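# Structural characterization, general
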Amino acid sequence: MDATDLARWQFGITTVYHFLFVPITIGLSAIVAGFHTAWVRTHNPEWLRLTRFFGKLFTINFALGLVTGLVQEFQFGMNWSSYSRFVGDIFGAPLAVEALLAFFLESTFLGLWIFGWGRIPERLHAATMWVVHVGTLLSAYFILSANSFMQNPVGFRFNAETGRAELTDFVAILLNKVQLVTFPHVILSAYLVGGAVVMGVALQLMRREWLRCSEIHDEDAGGAADVPMYRRAARLGAVVTLVAGMGVAASGDVQGKIMTEVQPMKMAAAEALYESVPAGEGAPFSVLTIGSLDGERARPLIEVPNLLSFLATGSFDGAVKGINDLKAEYAQTYGTAGMAELADPSTGYVPNIPTTYWMFRLMIGLGMAASAVALVVLWATRRGRTPTGRWLLWLAVAAPVLPLLGNSAGWVFTEVGRQPWVVFGLMTTASGVSPGVSLGEVVTSMTVFTLLYGALAVVEVKLLLRTVRQGAAPFEQPVDPAEQDEDAPLAFAY
């Protein structure tokens, strides 16, 4: 293993770790804003308690996600200086707008939301959380526009003298066709995760409160009155999960067709399809296969006829190019351009097939499993029912974990399936690594990052579990800003 391999591992670890926080932040900000709006409209104490409870979980996740995002950026200058130099002119504009507009928007208004209770009018206060959510969407859009350039480079010209890609059309970067299908897919996936988090946490608290009341045989004592509130939150989370899940499936279908158009090798690798299937025959999709890991000697156990053709082309008998034909086509189009990693015709343009194949299935399977959990929750809690079996506890744990892992699997599939390119057709990943970084330096930074992320994970999990164990705080009527005591202690001062 050399410095390039370790730099890849380091980038993968830090990116996947950071990406665990992103969908929760986007999804929860929308749901907390919805709870807060419901409180302003109805003044039902349950909505206010849910707003503050899930708002606290959102704030913890936002803070830890922010730290991991900062750490992630360091490695661009450390391990990927050649890549950073190549795309710097392209990424500079969208990432600067993301930092100066979107990130400051969400950070500033999150501060107003945290410290604004009883200090700004309630409608304006609820609006601040919606602005935070809009900020997360804008942040996602600009970051995804940079990533979409890596999948389908547009709006640039290559300067042979400097060896860099230079921006010629910023609008083309923002309206890249890969970006236009990726953004809704990623955002809907975030709503799916956010809904599943609310569903899982509320289920666990609903069961706990019911059992506690049963033990003291007094439904009016303790948290008996909280059971309907948590049941309502669980059902709302289930509805969000289910609706978002259907949106993820629809947007993923469109995204698959665009992906096949701009990166046909990625779709062929997702099915380990080595031989092309001509129009009229229909390529099958294997749900489960045994055989060699790279799929060259495969025996499908469960196979859906013609489904791969539909996913790739929109037609059940559409033509799908296989890996062998695409290798020859890529070699003719791109050559080796002096890049040694492309010289081997057997592996030069082929991504890691086992990773691509299984991540594609995990992405779809875990997302569908989360939607199935939502259906079970809606059925089990229908017409005021309160299920309390032990199976509910396992369901509460599985609810947020399934879509979160599915989200990460989708990200791994997207990035691994693009290999060997870091910018498709322009620059290989091996060419993007810093030329002066030694194996020992990468090992050192990777060790430090891994230990740091491990510590952050412990902090995150402890804070979240402690907050969940405490449950929603008792109702406390917010102070009317017009009646605010001017001599009251400040929320924040120095």
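The shown structure was predicted, so the numbers you read here are calculated from the model rather than taken from an experiment.

The rules we used
Residues numbered from 1 in each chain as written. Predicted model: local features only at pLDDT ≥ 70, side-chain atom pairs only at ≥ 80, totals over all residues. Heavy atoms only, no water. Helix = DSSP H or I, 4+ residues; strand = E, 2+ residues; numbered from the N terminus. Rg over C-alpha atoms; globule rule 2.2 N^0.38 Å. Buried < 20%, exposed > 50% of the residue type's maximum accessible area, 1.4 Å probe, protein only. Contact = heavy atoms within 4.5 Å. Areas by Shrake-Rupley, 256 points an atom, 1.4 Å probe, with all protein chains shown as cover. Lys, Arg positive; Asp, Glu negative; His and termini not counted. Charge placed at Lys NZ, Arg CZ, Asp CG, Glu CD. Patch = residues over 30% accessible without salt bridge, like charges linked within 9 Å, V, L, I, M, F, W, Y side chains within 5 Å. Salt bridge = Lys/Arg side-chain N within 4 Å of Asp/Glu carboxyl O. Expected span 1.5 Å × (residues − 1). Polar contact = N/O pair within 3.5 Å; in protein donor to acceptor, adjacent residues only side chain to side chain.

## As for the overall build of the chain
- Of regular secondary structure, the chain possesses 14 helices and six strands.
- Taken against the 2.2 N^0.38 rule, which gives 23 Å for 494 residues, the C-alpha radius of gyration of the chain at 25 Å falls within 12% of a compact globule.
- Judged by the C-alpha coordinates and their principal axes, the chain covers about 75 × 55 × 40 Å.
- Here the chain holds 494 residues, and the buried ones make up 49% of them.
- Residue pairs at least 24 apart in sequence account for 79% of intrachain contacts in the chain once pairs closer than 6 positions are excluded.
- By element, 66% of the accessible surface of the chain is carried by carbon and sulfur atoms, the whole surface being about 23000 Å².
- Each charge sign in the chain was given a centre, from 32 positive and 39 negative side chains, and these centres are 8 Å apart.

## Description of a nonpolar patch on the surface
- Taken together, the side chains of Val287, Leu288, Ile290, Leu301, Ile302, Val304 and Trp358 make up a nonpolar region of the molecular surface, amounting to roughly 540 Å² of accessible area.
- At the level of secondary structure, the elements contributing two or more residues to the nonpolar patch comprise strand E3 (285-291) and strand E4 (298-304).
- On the secondary structure map, leucine 301 appears in strand E4.
- Overall, leucine 301 belongs to the partly exposed group, its relative accessible area being 46%.

## Observations regarding helix H2 (residues 45-78)
- For H2, which comprises 34 residues, the first-to-last C-alpha distance of 51 Å matches the rise-based estimate of 50 Å (1.5 Å per residue) to within 8%.
- Regarding H2, its N-cap is asparagine 44, as a side-chain oxygen of that residue lies 2.9 Å from the backbone nitrogen of glutamate 46 further along.

## Observations concerning unusual backbone geometry
- Here the bond from glutamine 419 into proline 420 is cis, since omega is 15°, no more than 30 degrees from zero.
- Located in the positive-phi region is alanine 272, a residue other than glycine, with phi close to 50°.
- Considering the arrangement of structural elements, one finds alanine 272 in the loop between helix H8 (264-271) and E3.
- Taking the relative accessible area as the measure of exposure, alanine 272 reaches 12% and is therefore buried.
- Unlike most non-glycine residues, asparagine 306 shows phi in positive territory, near 65°.
- Mapping asparagine 306 onto the fold places it in the loop between E4 and helix H9 (307-313).
- On the accessibility criterion, asparagine 306 (24% relative accessible area) is partly exposed.

Distances and angles like these do not, on their own, reveal function.
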